[in-house]
Amino acid sequence: MILIDGVPFSTHSSSTSQGLDILLSLLENPILVSTSNSFKENPERKFSVSEESAPERSKLVYLFQKEYATVDPALVDYVGTDEATTCVGVAIRNPKNGMTSVSHMDSPNIVEMGLSQMLTLLVDDSLETEFDVHLIGGFEEVSPQQSNSGVVSESDADLDGHSLPLCSKIVHTLWSRAEKFHIRTTCVLGHNTKRDSDGNTYPIFNGFVVETATGRVIPSCFDRSSRSPDEIVRRIRVSASYEDTSWNGKLLETYDTVTDCFKIAPCCWTRRQYHIALSLQHYSDSEILSICSTSPTAEAPDFVDNLRRQWKYMIEHPHWTETFPKKQPRIFTRSADGKWKRC
């Protein structure tokens, strides 16, 4: 069930099974338009672990593509993600206790199971809890010839793209579930799109954090030092998971809520993936963008470099068991200065 300003949301359209009508109504809702505009007025916060002194260092949980984490406000100050272009960040918070779950969704195929995973540690015994939900990310992937000034239109449903079907699936799944979801922010698609002088489209924001104590959602970006722990291995795990049937339809489990530690489950990169890395490393930056990105013109400046670092690691460590000896997870806990350390 979806609520807006405390009132159950309903639509009289006959196409609710696809979710598009729900999405269109939400994007046009005056209350949500206002909250999206207010969100965009906030300055983007830049996270960098290297710039924070130990006594002032915030306890952060960072998520990569296809990952999720549920955090306890008693242990974590911020939970967030970035690097989203066609992906969508989903934040669900239980206002009764501040428990917050955030995911970085990249495909409609993981939405149903992914939302169930996110809610596992949020749902209490009462179905009367109204969860706060924020949707941030995705943009209008249209060419200059197809672009228009609207947020999203019926004709946009016929355009090829990734963000629109993903957003449609998310809102339809929320609408279909028994829990009560109070939609607070819908900074997606047209609300998260800017255009250059040639009409090319880009996301306004690629990331956000949730301040767990208050539930405030802040536009954010992260440097390499704050995308931790185990950055490269976690990036590789995202790619490897697409060939691992045990992760079909699921978000990647990364963080242990109770112990406030990261447990990077073993993943296996195949000889095929190793040979792909060998091949792709020789391509030019523009070719890599074209081959590897769903939105080549909208990627961050470090997109290609991040891929090259992944391939370099896989080439130097062709056998995944070197990274996961005895098929055991890689575990990281917080040290006294707030940084992550390998156990």
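All of the points below concern the structure found in this document. (Residues numbered from 1 in each chain as written. Predicted model: local features only at pLDDT ≥ 70, side-chain atom pairs only at ≥ 80, totals over all residues. Heavy atoms only, no water.)

Observations regarding the overall build of the protein
So the rule is basically this: Secondary structure elements are taken from DSSP: a helix is a run of H or I of four residues or more, a strand is a run of E of two residues or more, and numbering for both begins at the N terminus. Burial here depends on accessible area, computed with a 1.4 Å probe over protein chains only, as a share of the maximum for the residue type. Under 20% is buried, over 50% is exposed, and the range in between is partly exposed. Note on areas: Shrake-Rupley, 1.4 Å probe, and residue coverage restricted to the protein chains presented here.
A tally of regular secondary structure across the protein gives eight helices and 19 strands. Here the protein holds 343 residues, and 51% of them are scored as buried. In the structure as shown, the protein presents an accessible area of about 15400 Å², 51% of it carried by carbon and sulfur atoms.

Comments concerning the sheet that holds strand β9 (residues 130-137)
Heads up, the condition is: Two strands are counted as paired when DSSP detects at least two bridges linking them. Any two residues whose heavy atoms approach within 4.5 Å are treated as being in contact. Interaxial angles span 0 to 180 degrees and are taken between N-to-C directions of axes, which are lines fitted to C-alpha atoms, for helices over the stretch in contact.
Strand order in the open sheet formed by eight strands is β2-β1-β10-β9-β7-β8-β5-β15, with mixed pairing between adjacent strands. The open sheet is flanked by β2 (7-8) and β15 (252-253), the only strands paired with a single partner. In terms of strand pairing, strand β1 (residues 2-4) meets strand β10 (residues 180-188) through two bridges, oriented parallel. Directly across from L3, in β10, lies its bridge partner H182. The strands touched by helix α3 (residues 111-119) within the sheet are β5 (67-71), β7 (88-93), β8 (100-105), β9, β10 and β15, with β8 carrying the most contacts at an inclination of about 160 degrees.

Points about the packing of helix α1 (residues 20-28) against helix α4 (residues 163-176)
The line we're drawing: An angle below 35 degrees is treated as roughly parallel, one above 145 as roughly antiparallel, one from 65 to 115 as roughly perpendicular, and anything else as oblique. In this count, Pro and Cys sit with the nonpolar residues alongside Ala, Val, Leu, Ile, Met, Phe, Trp and Tyr, while Asp, Glu, Lys and Arg are called charged and the others, Gly among them, polar.
One way to put it is that α1 packs onto α4 with a least axis distance of 8 Å and a crossing angle of 95 degrees. Our classification of the angle between α1 and α4 gives roughly perpendicular. On α4, the residues touching L20, I22, L23 and L26 of α1 are L164, C167, S168, V171, H172 and W175. Residue classes in the contact of α1 with α4 are distributed as eight nonpolar, two polar and no charged.

Details of the side chain of T257
Definition in use: We call two N or O atoms a polar contact when they sit within 3.5 Å, provided that within protein one can donate a hydrogen and the other can accept it, with sequence-adjacent residues counted only if both atoms are side-chain atoms.
By the element assignment, T257 lies in the loop between β16 (255-256) and β17 (261-264). Accessibility expressed as a relative area gives 9% for T257, which makes it buried. Here the side chain of T257 touches T70 through a polar contact of 2.5 Å, landing on its backbone oxygen. With residues up to four places along the chain from it excluded, the contact list for T257 reads T70, V71, D72, L75, M99 and L121.

Topic: the nonpolar core
Convention followed: Definition of nonpolar core: a set of buried residues of the types Ala, Val, Leu, Ile, Met, Phe, Trp, Tyr and Cys, connected through side-chain atoms within 4.5 Å.
Core analysis: the largest hydrophobic core is formed by 36 residues, its most contacted members being V90, I92, M105 and I170. Among the secondary structure elements, those contributing two or more residues to this core are β1, α1, β7, α3, β9, α4 and β10. Residues in contact with I170, not counting those within four places in the same chain, are V88, V90, M105, V111, L115 and L135. Counting 30 residues, the second-largest nonpolar core is a separate cluster that includes L63, V102, Y255 and F262.

A closer look at the pairing of β7
With six of its six residues buried, β7 lies for the most part within the structure. Alternating residues of β7 divide into V88, V90 and I92 and G89, A91 and R93, and every residue in both groups is buried. Across six bridges, β7 lies against β8 in antiparallel orientation. Bridge pairing links G89 to H104 in β8. Between β7 and β8, which pair antiparallel one after the other, the connecting turn spans six residues, and G98 there sits at a positive phi close to 80 degrees. Two strands pair when backbone bridges link them, and β7 and β9 are joined in this way by six bridges, in the antiparallel orientation. In the sheet register, V88 faces β9, and the bridge partner there is G137.

Regarding the environment of K326
Inspection of the secondary structure puts K326 in the loop between α8 (303-316) and β18 (330-334). Taking C-alpha positions, K326 is 9.5 Å from P266, a pair spaced 60 residues apart along the chain.

Some details on the packing of helix α6 (residues 271-280) against α8
Going by this rule: Helix crossings get a hand from a simple test, with the near helix turned counterclockwise from the far one by less than a right angle marking a left-handed crossing and a clockwise turn marking a right-handed one.
Remark: α6 packs on α8, axes separated minimally by 9 Å, with the N-to-C direction vectors making an angle of 125 degrees. The pairing of α6 with α8 is recorded here as oblique in orientation. Note that α6 runs across α8; the crossing there is left-handed. Facing α6, whose interface residues are Q273, Y274, A277, L278 and L280, α8 presents W311, M314 and I315. Taken together, the residues of the contact of α6 with α8 break down into seven nonpolar, one polar and no charged.

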